[in-house]
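Overview (structure and organization)
Residues per chain are reported as follows:
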Amino acid sequence: VTKPTITKYFSPAYIKPGATTNLTFTISNPNNSTTLPTGLTGITFTDNLVDMKIASPLSVSGTCTGYRSNAVVDGTSFTVSNLRLSPSGRCTISIPVTASRVGTLPNEASGVTSDQNATPSAVAKANLYTYQPTILTKAFNPKQILAGGTSVLSLTITNPNATTVNLMGTTSLTDLFPSSPGQMVLAATPNIQKSAGCSSNISIMDPSNTRTAAAGDTGIVIKNGYLVASSTCTISMNVTASVDGEY
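As a starting point, this report considers the structure included with it. (Residues numbered from 1 in each chain as written. Predicted model: local features only at pLDDT ≥ 70, side-chain atom pairs only at ≥ 80, totals over all residues. Heavy atoms only, no water.)

**Observations regarding the sheet that holds strand β8 (residues 90-98)**
The four strands are arranged β1-β3-β8-β5 in an open sheet whose pairing can be described as antiparallel. For this open sheet the edge positions go to β1 (5-11) and β5 (53-54), each flanked by a neighbour on one side alone. In this structure, β5 lies alongside β8, joined through two bridges in antiparallel fashion. Looking at the pairing, I54 lines up with V97 of β8. (Pairing = 2+ DSSP bridges. Helix = DSSP H or I, 4+ residues; strand = E, 2+ residues; numbered from the N terminus.)

Structure below.
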């Protein structure tokens with residue numbers, strides 16, 4: 001009889017300190033109905049949540065049924081027992097977890113035992129990555145222009161972490177320009193630039209996020225890309241406004 005197997009992953013794998021992610025286990029029975037017609041019974045495993053804990057509200061979910069677990073809010077370990085898997089069966093169990101320490105947090109679940117296999121299978125490993133939020137600053141140079149003149153708007157994103165941070169998603173940052181006392185827009189020559197600290201796949205899009213930003217746009221969307229450890233990325237562009245006043 002072949003031992004059951006276990007794998008695991010965090011979704012999302014990157015969170016801010018104190019945020020919540022789902023830890024999902026997949027348990028599989030590699031034995032077919034010829035080898036083990038009754039399936040595997042009494043499947044058990046434990047996960048010690050080093051530098052993390054079970055989050056609130058507690059919701060143990062997934063496709064596995066009929067098992068027992070000792071999951072409690074703020075618990076730092078999690079045991080599943082009495083799980084049964086039919087021949088060639090597979091199921092999942094998910095629990096919410098959180099962590100406050102910044103860094104790469106390795107996590108390891110014990111191998112799986114069953115009534116048919118007293119010796120554990122291989123352990124399951126996954127990393128949770130926690131990071132401090134990136135810091136955004138912005139500036140105009142010069143700060144004062146004549147109506148219809150041009151100023152350089154700079155947006156600087158700083159990664160304070162000792163690890164690379166992904167600017168995940170299709171709208172990582174949106175800057176809609178002020179419309180009062182008049183509409184600020186990208187100048188006729190936008191001259192959008194990215195500093196050396198910006199990854200090459202960072203895109204600067206129009207406010208609708210459907211095309212590359214261009215002259216006359218009333219804002220920008222910055223999406224995708226990443227910042228390496230302890231780095232800054234500055235995105236600059238020419239903007240203008242045709243109405244006198246403070247923006």
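**Topic: the sheet that holds strand β7 (residues 77-85)**
Within the open sheet, the six strands sit side by side as β2-β10-β9-β4-β7-β6. Their pairing is mixed. Looking along the sheet, the strands with just one partner apiece sit at the ends: β2 (14-15) and β6 (68-69). Bridge count for strand β4 (residues 40-48) against strand β9 (residues 103-109) is two bridges, and the pairing is antiparallel. Looking at the pairing, N48 lines up with E108 of β9.

**With respect to the state of the cysteines**
Under the definition given, this model contains two disulfides. Across the disulfide from C64 sits C91; the S-S distance is 1.9 Å. Judged by the sign of its S-S torsion, about 90°, the bond between C64 and C91 is right-handed. Here C91 lies in strand β8 and C64 lies in the loop between β5 and β6, a separation of 27 residues in the sequence. For the pair shown, C64 and C91 are each scored as buried. At a sulfur-sulfur separation of 1.9 Å, the disulfide partner of C198 is C233. Disulfide C198-C233: the torsion about the S-S bond is 95°, which places it as right-handed. With C198 in the loop between β16 (193-194) and β17 (203-205) and C233 in strand β20 (residues 232-241), this pair connects stretches of sequence that are 35 residues apart. An identical accessibility class is assigned to C198 and C233; each is buried. Among the cysteines of the chain that take part in disulfides, numbered as they appear in the sequence, the pairing is 1-2, 3-4. (Disulfide = S-S within 2.5 Å. Buried < 20%, exposed > 50% of the residue type's maximum accessible area, 1.4 Å probe, protein only.)

**Here's the deal with the environment of V73**
In this structure, V73 sits in the loop between β6 and β7. For the pair V73 and K53, spaced 20 residues apart in sequence, the C-alpha to C-alpha distance is 7.7 Å. V73 has contacts with I54, A55, S56 and L58, leaving out every residue within four places of it along the chain. (Contact = heavy atoms within 4.5 Å.)

**Let's talk about the pairing of β4**
Bridge count for β4 against β7 is six bridges, and the pairing is antiparallel. In the sheet register, D47 faces β7, and the bridge partner there is F78.

**Looking at the nonpolar core**
Counting 31 residues, the largest nonpolar core has I6, F25, I27, F45, F78, L83 and I93 as its most contacted members. Within the residue set of this core, elements represented by two or more residues are β1, β3 (20-28), β4, β7, β8, β9 and β10 (124-130). With 19 residues, the next largest nonpolar core counts L173, M184, L186 and A213 among its residues. (Core = buried A, V, L, I, M, F, W, Y, C linked by side-chain atoms within 4.5 Å.)

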